Amino acid sequence: LSLVANAFGVDAQRMKVASNDQEALHWCDGKNTGGGRALSDIDTNQIKLQLWHYQGCLALIEAEERRSNVHFHTVIFARTDVVVYVAVKPVCMYNLKTPRRFKDWLFMAPIDVARKSFSVSGQDCSQRALDKQAPGSNYTEDLSLPIMIMEAKGTEQPCRAFANVGAMRSDPKPEQLCNAMVFENKFAKAEAEPSKGVLGSSRGEGDVQLDRIPSSFAQTDPEHVAPKRGEDSPSVTKMLCSGFKAPEVALCVHGTARSFAHLVVYRSQKEHLIEAFAPSATVFVHITRKDARGDPNFQYSAVFEEFSDSELRTAAQYMGARVNHIRILEGPNAALPQCPNYAENYEKRKTATGHVESMAHLYSLAGQLSHREGCMELIRGEEIAISRKFDVVIMVRADITVYFPFKPFCMYGVGKPRRVRDWFYLAPRDSADFLFSGPYRRFYDCQQELRIGGNVDEYINPFIQDVTEDGNLPIMITRLDLPRFPNNMCDRFRNPGALNFDPNPQGQLCGPMTYQNPFNKPTKALPDLEVSGIPLASKMVCSKFQTPKIAVCLYGDAEVWGNTLVHRSQKRNFIDALGADISVFLHAVGPSGASAAGDLEALTVQNLSTALHLLGIEKRHARISSDPNEYVHWCMDTGGAAARTVWHHEGCMKLVSDEEHRSQFSYDVVILARADLVVYEPFKPFCMYDLKRPRRLRDWLFLAPKQDAQRSFHTSSEDCQAKATQADSGTTSGSEYIEDRSLPVMPVGTIGEQASSSARSCESFSNVGAVHFDPKPEELCTSMTTANEFGKFP
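Residues numbered from 1 in each chain as written. Predicted model: local features only at pLDDT ≥ 70, side-chain atom pairs only at ≥ 80, totals over all residues. Heavy atoms only, no water.

Right, let's talk about the overall build of the protein for a bit. Helix and strand counts for the protein stand at 24 helices and 24 strands. Evaluated residue by residue, the protein yields a buried proportion of 53% over its 794 residues. Contacts in the protein between residues at least 24 apart in sequence constitute 79% of all its contacts with a sequence separation of at least 6. Only carbon and sulfur atoms are counted for the fraction: they give 50% of the accessible area of the protein, which is about 36100 Å². (Helix = DSSP H or I, 4+ residues; strand = E, 2+ residues; numbered from the N terminus. Buried < 20%, exposed > 50% of the residue type's maximum accessible area, 1.4 Å probe, protein only. Contact = heavy atoms within 4.5 Å. Areas by Shrake-Rupley, 256 points an atom, 1.4 Å probe, with all protein chains shown as cover.)

What follows concerns the environment of Ser657. Inspection of the secondary structure puts Ser657 in helix H20 (residues 641–663). By relative accessible area, Ser657 is classed as partly exposed at 25%.

Once that is clear, we can look at the layout of surface pockets. Within this model, the second largest pocket holds a volume of roughly 1000 Å³. As for the second largest pocket, its lining consists of 47 residues, and the residues nearest its centre are Arg258, Ser364, Gln368, Arg397 and Asp422. Sorting the residues of the lining of the second largest pocket by element identifies strand E7 (249–256), helix H11 (359–386) and helix H13 (456–464) as the ones contributing at least two each. Taken together, the residues of the lining of the second largest pocket sort by class into 17 nonpolar, 17 polar and 13 charged. (1 Å grid on protein atoms, 1.4 Å probe; cavity = no way out; pocket = protein on both sides within 12 Å on 5 of 7 lines; lining within 4 Å. Points joined across faces, edges and corners; volume = space filled by probe spheres on them. Nonpolar A, V, L, I, M, F, W, Y, C, P; charged D, E, K, R; others polar.)

Further remarks concern the confidence of the model for the protein. Of all residues in the protein, 87% have pLDDT values of 70 or greater, and the mean over the chain is 86. Considering only residues more than four positions removed or in separate chains, one finds that residues 31–40, a stretch of pLDDT under 50, has 19 contacts. The model gives residues 192–232 a pLDDT under 50, and that stretch makes 82 contacts with residues more than four places away or in other chains. (pLDDT = per-residue confidence, 0-100.)

Residues Phe260, Phe277, Phe406, Phe424, Leu586, Phe683 and Leu701 are the most contacted members of the largest nonpolar core, which totals 115 residues. Element by element, the count of residues in this core is highest for helix H8 (residues 263–277), at eight residues. Apart from residues lying up to four places away in sequence, Leu586 is in contact with Cys553, Leu554, Trp561, Leu608, Leu612, Ile617, His621, Ala622, Arg623, Ile624 and Leu655. Within the second largest apolar cluster, 34 residues are counted, among which are Met376, Ala427, Leu435 and Phe463. (Core = buried A, V, L, I, M, F, W, Y, C linked by side-chain atoms within 4.5 Å.)

Right, let's talk about the sheet that holds strand E18 (residues 622–625) for a bit. Spatial strand order, E18-E17-E16-E19-E22-E21-E23: seven strands in an open sheet with mixed pairing. This sheet does not close on itself; its edge strands, each paired only once, are E18 and strand E23 (738–739). Relative to strand E19 (residues 669–674), strand E16 (residues 549–557) is paired through six bridges, and the arrangement is parallel. Following the sheet pairing, Val552 is matched in E19 by Ile671. Against the sheet, H20 makes contact with E16, strand E17 (581–589), E18, E19 and strand E22 (701–705), and its axis sits at roughly 140 degrees relative to E17, the strand it touches most. Helix H21 (residues 706–713) contacts E19 and E22 of the sheet and is inclined by roughly 125 degrees relative to E22. (Pairing = 2+ DSSP bridges. Axes fitted to C-alpha atoms, helices over the stretch in contact; angles between N-to-C directions.)

Attention now moves to the packing of aromatic side chains. Inspection of the entire model under this criterion finds 35 aromatic pairs. A ring pair is formed by Tyr403 and Phe404, whose centres lie 5.4 Å apart and whose planes are at 80 degrees; its orientation type is edge-to-face. Under the relative-accessibility criterion, Tyr403 is labelled buried at 0%. The class of Phe404 is buried, set by a relative accessible area of 8%. (Phe/Tyr/Trp six-rings, centres within 6.5 Å; stacked < 30°, edge-to-face > 60°.)

Among the secondary structure elements, Asp627 is positioned in the loop between E18 and helix H19 (630–634). C-alpha of Asp627 to C-alpha of Val589: the two residues are 38 residues apart in sequence and 6.9 Å apart in space. Residues contacting Asp627, with those up to four places away along its chain left out, are Val589 and His633.

Moving on: the state of the cysteines. For the structure shown, the criterion picks out ten disulfides. Covalently, Cys542 is tied to Cys687 through a disulfide, its sulfur atoms 2.0 Å apart. On the S-S bond that ties Cys542 to Cys687, the torsion sits near -70 degrees, and the link is left-handed. A residue pair is termed long-range when its members are at least 10 positions apart, and Cys542 in the loop between helix H16 (537–540) and E16 and Cys687 in the loop between strand E20 (677–679) and strand E21 (695–697) qualify at 145 residues. Each member of the pair, Cys542 together with Cys687, is buried. (Disulfide = S-S within 2.5 Å.)

The element strand E10 (residues 392–397) is extensively covered by neighbouring structure, given that six of its six residues are classed as buried. What you see with E10 is no split at all: Val392, Ile394 and Val396 on one side and Val393, Met395 and Arg397 on the other are buried throughout. Note that E10 and strand E13 (residues 424–428) share five bridges and pair antiparallel. In the strand pairing of E13, Met395 is matched with Tyr425.

Moving on, we get to the pairing of E13. Among the five residues of E13, five are classified as buried, and the element is accordingly described as predominantly covered. Every second residue of E13 is oriented toward a common face, with Phe424, Leu426 and Pro428 on one face and Tyr425 and Ala427 on the other, all of them buried. Pairing analysis gives three bridges linking strand E12 (residues 418–420) to E13, with the strands arranged antiparallel. When the bridges of E13 are listed, Arg419 appears paired with Tyr425. Hairpin connection of E12 to E13: three residues between the antiparallel strands, including Arg421 at a positive phi of 45 degrees.

Turning our eyes to something else, we now look at the packing of H20 against helix H22 (residues 717–728). Between H20 and H22, whose axes approach to 8 Å, the crossing angle comes to 125 degrees. When the axis of H20 is compared with that of H22, the two are oblique. Between H20 and H22 the crossing geometry is right-handed. Every residue of H22 that contacts H20 at Ala642, Ala643 and Val646 is listed here: Cys720, Lys723, Ala724, Ala727 and Asp728. Taken together, the residues that form the contact of H20 with H22 break down as six nonpolar, no polar and two charged. (Parallel < 35°, antiparallel > 145°, perpendicular 65-115°, else oblique. Left-handed = near helix turned anticlockwise from the far one by under 90°.)

Printed below as a string of structure tokens:
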């Protein structure tokens, strides 16, 4: 789907892909059940799906008109399985003011006519389907349109609608052309897998070669590509946590919109919270469009500009919220409860001058309580629709930047509630009604007023006093770097797992990563993005800092690429999560026992091709030897694991140096990492590390400035034996680097060593930033790595 969309030039804002047809049927059946009559027959359901698609197309078109300030003249609706077997005539050869159609496969009409024909609400959908009211049936049938649908193959006369317009008597008849051009066409099938092979450089005749790799394939990220029908393609988070029950998560973005439509805000919420923690979360949005401050003091009185409804919906839909899960209120204030016992309190506030004594602060309470209750109403409505309850409820303020990725869900104890101030809550569903609806009912049922001098925290404290404050969650309120905006919350900013020389979270990171961030703006304020494209959230949050050029070299046995969890987690949680300018290199050797290139290819070609494409490793950046004993000869007839590692390190440094010479630039940082590492949670973005100081995790991963890496790992063949001997005695290259136990990597070993090495390796597994009720590392390690169902070798 991603490749097809790219081919058509369809960006994310002009595309909606539902995971199945239940969304359409729920939208259609939600209100009207046709007077109690059965609506489950195939024909009726087909009309429901069509009506949903037509309405969805109109919504996308109208959103584009608002976003681009254009007005379309003509609308064409066409089924996705239409084959256009002859080029249609140029536009000027059609009268576009007259609606036309070809069966119900394609409709062409002026946009105002199309809106009248195809607009339908969810409430009217079921009745129209029951009455078999297919829209556009009154359009003129144009049998000259050269289209055929693949689904027609199963009908009695599939080629009946095929035409050879303008043919002479001697020309082929339609029935001679139809099957050959459409149904039996060799290209009328899913696109074949890319060419298989193993990348090689020009370093030796024994190296295995791979050619004809489509260059575009390397850019395809399976995290954002829908799986083929009948095929399971889980996210990296689901893969890592496959040994644990996945909770059904309801996530509601709520409150005054403020910076919600800013790129760094809604994109980080999507990528760093939803995709990192629980990619299958059901997203709800309950926000107010207009801003008002809950503080009457002049120094904190600035408010945000108003965003249009369409701008806010665009952000909400990017996050995955469906149309019926979005509520955008005008605002700025929520209605106050009309309670006689509150009247005196209200009158006093009208003339009060202090912050917590003011009407503004009362409206702040009303807004917070109303939005959270609005979220719960949306959640309860969805639970009724799907006939089950969610397991976890997340409440996140709309103006929050998630400045580094959450860990996968199984690394949190989701059975107990946690929060960050009143900005973020994660709670089990059975606690949510008390936590979020309880304060609302207390206030709006006239049970308890907000006392004069009391603040919002005091009012809701009886409900949240047992909720654990989790200061390590990457949650930060994001305002503007302008006068009279209160940006005094950086004491809550954290850098979990940081070494003592890493950047200070409050003084060096907070402002640049949030309110001072260049992407703390809406898309319309960043016109250059039309050319450069929107970067990943991991790049956005560090965009105030100079982006380093990093060379990552993976080394080891080629067979590890048969482990899906390895290369998928390396791409998502390491390469993408760092957010730097990264080149990936590979220095690998065939598995022992492969005596020739043919044996190596038989074992590794398909897995290597997939992994190399995913990681974006270019041909010149890889060397794979077909001789498993090459390192022995290079190391002056010295064998063993230490000599092999020295050979790999030198091979990596040679690949990096060759690229620097070829491209006439220098890398700032080099990372050498075992090729069999599972990255079990995302790295933090690069600006949260001091990359000028070398660090390592055991001998699995080394991160150092280029000059330090060159001194440590560049080795001649003549020096290899001495280095290997030192390594065998415990002094390995890079052992002087500072040990960083927070780096989230774990080797799974090769086929032969996988079972024996896991217990020893798990001593270095960590759950950085965990609170007291979160799972312990020993409860997570093997399930997320060596015993993971996706971490097994084929």
